[in-house]
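A structural walkthrough
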Amino acid sequence: MKLKKKINVHIYPSDMQNEARIQKISSSIDQLEYFDHIYQLGINKNSLLPEFEKVNKNITIVRLPVDSQKWADKRFFGKILPIFKFWILSYKFLKNKKPKIINAHNLASLPPCIFFKILNKKSKVVYDTHELETEREGSGNLEKCVTKIFEYIFIRFVDEVVVVNHIIGDWYKKKYSVSPIVINNVPNYRHRKTSNYLSNKFDIKADIKKFIYIGALLSDRGIQKYLELFRKTDLNICIIFLGSGPLQELIKSHEKKNKNIFFHPAVPYKDVVNIVSSGDFTVTTLRTKNKYSLSYESALPNKLFESIMSEIPILSGGMKHEADFIRKNKIGYEITSSNSQKEFELSVKSILNLDYNNMQKNCRTLAKDYNWEEQEMKIKKYMIALLN
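Read on for an overview of the structure. Predicted model, so just to flag it, every value in this text is computed and none were measured. (Residues numbered from 1 in each chain as written. Predicted model: local features only at pLDDT ≥ 70, side-chain atom pairs only at ≥ 80, totals over all residues. Heavy atoms only, no water.)

1. Details of unusual backbone geometry
- Despite not being glycine, Asp203 has its phi angle at roughly 55 degrees, a positive value.
- Structurally, Asp203 is set in the loop between α7 (197–202) and β9 (209–214).
- Classification of Asp203 by relative accessible area gives exposed; the value is 69%.
- At Lys330, a position not held by glycine, the phi torsion is positive, near 55 degrees.
- In this fold, Lys330 is placed in the loop between α13 (320–329) and β14 (332–334). (Helix = DSSP H or I, 4+ residues; strand = E, 2+ residues; numbered from the N terminus. Buried < 20%, exposed > 50% of the residue type's maximum accessible area, 1.4 Å probe, protein only.)

2. Here we look at a nonpolar patch on the surface
- Where nonpolar side chains cluster on the molecular surface, the patch consists of Phe115, Ile118, Leu119, Ile149, Tyr152, Ile153 and Phe157 and spans about 690 Å² of accessible area.
- Listed by contribution, the elements that provide at least two residues to the nonpolar patch are α4 (110–119) and α5 (141–154).
- Position of Phe115 relative to the elements: it lies in helix α4. (Patch = residues over 30% accessible without salt bridge, like charges linked within 9 Å, V, L, I, M, F, W, Y side chains within 5 Å. Areas by Shrake-Rupley, 256 points an atom, 1.4 Å probe, with all protein chains shown as cover. Salt bridge = Lys/Arg side-chain N within 4 Å of Asp/Glu carboxyl O.)

3. Brief notes about the sheet that holds strand β10 (residues 237–243)
- Read from one edge of the open sheet, six strands run β11-β10-β9-β12-β13-β14, paired in parallel fashion. Edge positions in the sheet fall to β11 (261–265) and β14, since each of these pairs with one other strand and no more. For this sheet the average axis-to-axis angle between neighbouring strands, irrespective of direction, equals 25 degrees.
- For strand β13 (residues 314–316) and β14, the ladder comprises three bridges, and the chain directions are parallel. (Pairing = 2+ DSSP bridges. Axes fitted to C-alpha atoms, helices over the stretch in contact; angles between N-to-C directions.)

4. Let's talk about the sheet that holds strand β3 (residues 52–56)
- With mixed pairing, the eight strands of this open sheet are ordered in space as β3-β4-β2-β1-β5-β6-β7-β8. A single partner strand is all that each edge strand has here, and the edge strands are β3 and β8 (181–182).
- Two elements, strand β1 (residues 7–11) and strand β2 (residues 37–44), share five bridges in a ladder whose sense is parallel. Each residue of the ladder has a partner; that of Asn8, found in β2, is Ile38.

5. Here's the deal with the nonpolar core
- Of all hydrophobic cores here, the largest spans 35 residues; its most connected members are Val9, Ile11, Ile102, Leu110 and Tyr172.
- Contacts of Leu110, omitting those with residues within four sequence positions, involve Ala104, Val125, Tyr127, Phe154 and Val158.
- Core analysis: the second largest hydrophobic core is formed by 31 residues, Ile59, Leu300, Phe305 and Tyr382 among them. (Core = buried A, V, L, I, M, F, W, Y, C linked by side-chain atoms within 4.5 Å. Contact = heavy atoms within 4.5 Å.)

6. Regarding the pattern of salt bridges
- Within the structure shown, the criterion is met by 19 salt bridges.
- The partner of Asp280 in a salt bridge is Lys210, and the shortest N-O contact between them spans 3.3 Å. Highlighted residues: Asp280 in the loop between α10 (269–276) and β12 (281–283) and Lys210 in strand β9, separated in sequence by 70 residues.
- Using a relative accessible area of 7% as the deciding quantity, one classes Lys210 as buried.
- Arg287 is the partner of Glu297 in a salt bridge, and the nearest nitrogen-oxygen pair spans 2.5 Å. With Glu297 in helix α11 (residues 294–298) and Arg287 in the loop between β12 and α11, the pair connects residues that are ten residues apart, well separated along the chain.
- Classification of Glu297 by relative accessible area gives buried; the value is 13%.
- If you follow the salt bridges from partner to partner, you end up with Lys320, Asp324, Arg327 and Glu334 in one network.

7. Considering the environment of Pro265
- The topology assignment puts Pro265 in strand β11.
- Note on Pro265: relative accessible area 42%, which makes it partly exposed.
- As a C-alpha pair, Pro265 and Asn58 span 207 residues in sequence and 29 Å in three-dimensional space.
- What Pro265 contacts, discounting residues up to four positions off in sequence, is Leu242 and Gly243.

8. Description of the pairing of β10
- Of all seven residues in β10, seven are buried; the element is thus mostly enclosed.
- Side chains Ile237, Ile239, Phe241 and Gly243 of β10 all project onto a buried face; the interleaved residues Cys238, Ile240 and Leu242 project onto the opposite face, where all are buried too.
- Relative to β10, β9 is paired through six bridges, and the arrangement is parallel. Bridged to Ile212 within β10 is Ile240.
- Between β10 and its parallel partner β11, the chain crosses via helix α9 (residues 248–257), and the hand of that crossover is right-handed. (Right-handed = clockwise from strand over helix to strand, strands pointing away.)

Spatial relationships are all this shows, so hold off on functional conclusions.
Listed below in structure tokens is the structure:
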């Protein structure tokens, strides 16, 4: 009799090209050598990417024929048809593969997992949310209402809840009386390699302080304001945008006109730390309005921990918990106001006047706790518990 294969599936509605967290979690689970195969189930982008893509011999990306551009529609009703299609195709995939454990990486991925679990009692579901799903930035009142109802219902059927930081973990614990496992979104541990990579690449003089923005180049990250602030400054500073997204052409146009603005294409997540190590400071999402979603305010993003691992101090854009973390651990400063060129430059001068060596020392200390090797042990522990 042919033995059934032991399968683990990770579901998330993206093309899986830049999902570093899912890649790292999958790799960590693969090291357990329990599963015969691990699937990362995503969606396609205008059918430009292959339906199947091998990550390694045990991990495969599967892209369902759901257009990721339609999924990104900001209108709530514009998303309904792609979501239902995603649910139906995901359920069919699960029914075919019969996974032992399913990791749903956002709320939109959870319903087909729960429906499959109900009909297949041997399967277990991990709700591995990457942010506060019901408190996303840009969600309208109707969308928030619907997502809150869905999460309230479906989280009751979940076997394990995983979150990205203790702030979000405390929120879920209070809201649903669950005990989430915190898996921080952090890089692998490594010793800092000093280099002049960025200075050499962009021909930046040694006396100019290099500030680096890491991540998606989206309009809600304060990038346009950063362009304005750096374009107008007389300080001996420059900014390098490391990433990809809709605003990269805008950044390139500023690069042509300004001597202190540069664009660097996105690189694999494993290369980010080495590149950032050749800078002086990083900058994070910039607060450009008074009120943001609870999800944004609660975030401790991977770019924060990539800066720490690079031993590069951070000039925080001002999101609440991120700024608190930076202040508490003495690894940087925060921009007190993005509405005033003068206030912005005062913030820059403040971080330049801090003890740089001490901030680097504090980064080294934090890196010993906030690294993927530490998180990996927690992943393996909860997976083994679910398998027993």
